[in-house]
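The primary structure of each chain is shown beneath.
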Amino acid sequence: MRRSLALVAVAVTAMVALAFLIPLAAAVKQAAESRALNDAERQASMIVPALVVTTDPDRLEPALASTAAGGASRLAVHLDGGSVGVSRVSGLDPATARAQTIRVAGGFALLRPVALDRGNRAVIEVYVPDAALSEGVAASWAVLTGVAVALVAGSVVVADRLGSRMVKATRSLGEAASALGAGDLSVRIAPAGPPELVAAGQAFNTMADQVAGLLAAERELAADLSHRLRTPLTALRLNVGTHGPAAEQVDRLEREVDAIIETARRPSRPVQGCDAAAVLRERLAFWSALAEDQARPWDLYGAEEPAKVPVAAADLSAVIDATLGNVFRHTPERTAFTVTLHQGSGTVGILIADAGPGIDDPAGALKRGHSGAGSTGLGLDIARRLAESTGGHLTVDRSPLGGAAVQIWLRTTGPRPARRLLRRAGH
């Protein structure tokens, strides 16, 4: 913006300066020419008294030499019998000559006829060199150019100061918007700059207050709803006892409810990221027990090396559980599945493939409530929103094993979209 304002100031000031300086430059040149010709007229008029007294060449020469033009060999008098002084015009007849200025080699010759007694005439010639016609013009033009440059520079400085004020206010507003989008709900700005930017800053603060209030109310609602689950969970624990696989599942469900309540009541803050390889190993260790019960062959590839991703470990765990839960829920027992972690340039991909019947409508599977087979589509929707929160994407295709393949691609570098809240769902 500052550069654009500076360029506009240069263009406008330069056009205004040229609109005034070009006529002034022409006027300066014309004034120099007029000054030189007027001086020549004055030099010519100084010889007229001498011509009235005498036309004797011997007596006229000292009179010519006494003038500045004559001393510089730029003055001559043409008489009927010849000429006195240094002349640049040849073949001049005093009887027919008229007052005029003619072009000669190296300048101009000013001719002024003078009427003498007994009908005689003489012509005074004053030579005006080109240097005299342009004397002082270059210096005047230099001064005018300096004034123009100073005006342009001054306008750039003023425009830059004004632009700096606008840019500072705009940058502050942009940084605050980025911080708010990243989850800092406490960010506010001090409105500054032009009235329009002040109004935008005030609107931003109002919006931030409303967003903070809405999210606070949403967190309280989520916490309250999650808290209500404790009563049926307590009854469920009494029914299943304290030992066995069912009791372990109830314990895990209680931990998930506690995590929901804690997350809902915790102020929003930027995500620190996690190691996707560690999360995959931990979740596959959990699901391996059920896979063993159902005689499902499975493999985990590419999780030997750390893979940093810009999402919370809890969110990634929820996505892995939701996706693997679909495999166990919608494929028969003994159906094999594989999980592959792929690290690319600026991306990390998690590929979950099975040997089941596949998905007839991959596009519909990504729509919540339209995935078919009695599924709500919530698990894939959670996975898709997690991928898109990093600037990545999710695809559903047919796997090399013959069944469904879910590919979750997370961006690890480059610009990211505005952060969105990810909610866990039961699996």
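Where an unreviewed UniProt entry is consulted, the chain appears under the name Signal transduction histidine-protein kinase/phosphatase MprB, with the organism given as Herbidospora galbida. Here the chain is described in UniProt, under the heading Subcellular location (unreviewed entry), as follows: "Cell membrane". For the chain, the Catalytic activity (unreviewed entry) comment in UniProt is given as "ATP + protein L-histidine = ADP + protein N-phospho-L-histidine."

A. Expanded view of the overall build of the chain. Of regular secondary structure, the chain possesses 13 helices and 12 strands. Out of the 427 residues in the chain, the part that is buried amounts to 35%. Summarising the internal contacts of the chain: among those between residues at least 6 apart in sequence, 63% fall at separations of at least 24. In the structure as shown, the chain presents an accessible area of about 23,500 Å², 59% of it carried by carbon and sulfur atoms.

B. Just the sheet that holds strand S2 (residues 82-85), in detail. The strand order across the open sheet built from 5 strands is S2-S1-S5-S4-S3, with neighbouring strands paired in antiparallel fashion. Since the sheet does not close on itself, it has two edges, and those belong to S2 and strand S3 (100-104), each with one partner. Pairwise comparison of adjacent strand axes, ignoring direction, gives a mean angle of 25° for this sheet. Of the pairings in the sheet, the one linking strand S1 (residues 75-79) to strand S5 (residues 121-129) comprises 4 bridges and is antiparallel in character. Residue pairing across strands places His-78 opposite Val-123, the latter belonging to S5. Strands S1 and S2 of the sheet are contacted by helix H3 (residues 57-65), whose axis makes an angle of about 35° with S2.

C. A look at unusual backbone geometry. Although it is not a glycine, Ser-73 adopts a positive phi angle of roughly 60°. As for its position among the elements, Ser-73 is in the loop between helix H4 (68-71) and S1. Its identity is not glycine, yet Ala-295 carries a phi of approximately 55°, on the positive side. Inspection of the secondary structure assignment puts Ala-295 in the loop between helix H10 (276-293) and strand S7 (298-301).

D. H10, seen in detail. Between its terminal C-alpha atoms H10 stretches 26 Å, which fits the 26 Å expected from 18 residues at 1.5 Å a residue. By the largest-angle criterion, Trp-287 marks the main kink of H10, which is about 35°. Those residues of H10 that fall on the buried side of the exposure criterion are Ala-276, Ala-277, Val-279, Leu-280, Arg-283, Leu-284, Trp-287 and Ala-291. Between the side-chain oxygen at the start of H10 and the backbone nitrogen of Ala-277 there is a gap of 3.1 Å, and the oxygen is on Asp-275.

E. Examining the environment of Gly-356 more closely. Within the secondary structure layout, Gly-356 lies in the loop between strand S10 (347-354) and helix H12 (362-365). Of the residues examined, Gly-356 reaches a relative accessible area of 11% and is grouped as buried. C-alpha of Gly-356 to C-alpha of Arg-334: the two residues are 22 residues apart in sequence and 9.6 Å apart in space. Every residue in contact with Gly-356, bar those within four places of it in the chain, is listed here: Thr-331, Thr-335, Gly-402 and Gly-403.

F. Structural context of a nonpolar patch on the surface. A cluster of nonpolar side chains, contributed by Val-8, Val-12, Met-15, Val-16, Phe-20 and Leu-24, occupies part of the molecular surface with about 580 Å² of accessible area. As for its position among the elements, Leu-24 is in helix H1 (residues 2-45).

Parameters and conventions
- Residues numbered from 1 in each chain as written.
- Predicted model: local features only at pLDDT ≥ 70, side-chain atom pairs only at ≥ 80, totals over all residues.
- Heavy atoms only, no water.
- UniProt positions renumbered as here; feature names shortened; annotations may be inferred.
- Helix = DSSP H or I, 4+ residues; strand = E, 2+ residues; numbered from the N terminus.
- Buried < 20%, exposed > 50% of the residue type's maximum accessible area, 1.4 Å probe, protein only.
- Contact = heavy atoms within 4.5 Å.
- Areas by Shrake-Rupley, 256 points an atom, 1.4 Å probe, with all protein chains shown as cover.
- Pairing = 2+ DSSP bridges.
- Axes fitted to C-alpha atoms, helices over the stretch in contact; angles between N-to-C directions.
- Expected span 1.5 Å × (residues − 1).
- Bend = angle between axes of the 7 residues up to and from the residue.
- Polar contact = N/O pair within 3.5 Å; in protein donor to acceptor, adjacent residues only side chain to side chain.
- Patch = residues over 30% accessible without salt bridge, like charges linked within 9 Å, V, L, I, M, F, W, Y side chains within 5 Å.
- Salt bridge = Lys/Arg side-chain N within 4 Å of Asp/Glu carboxyl O.

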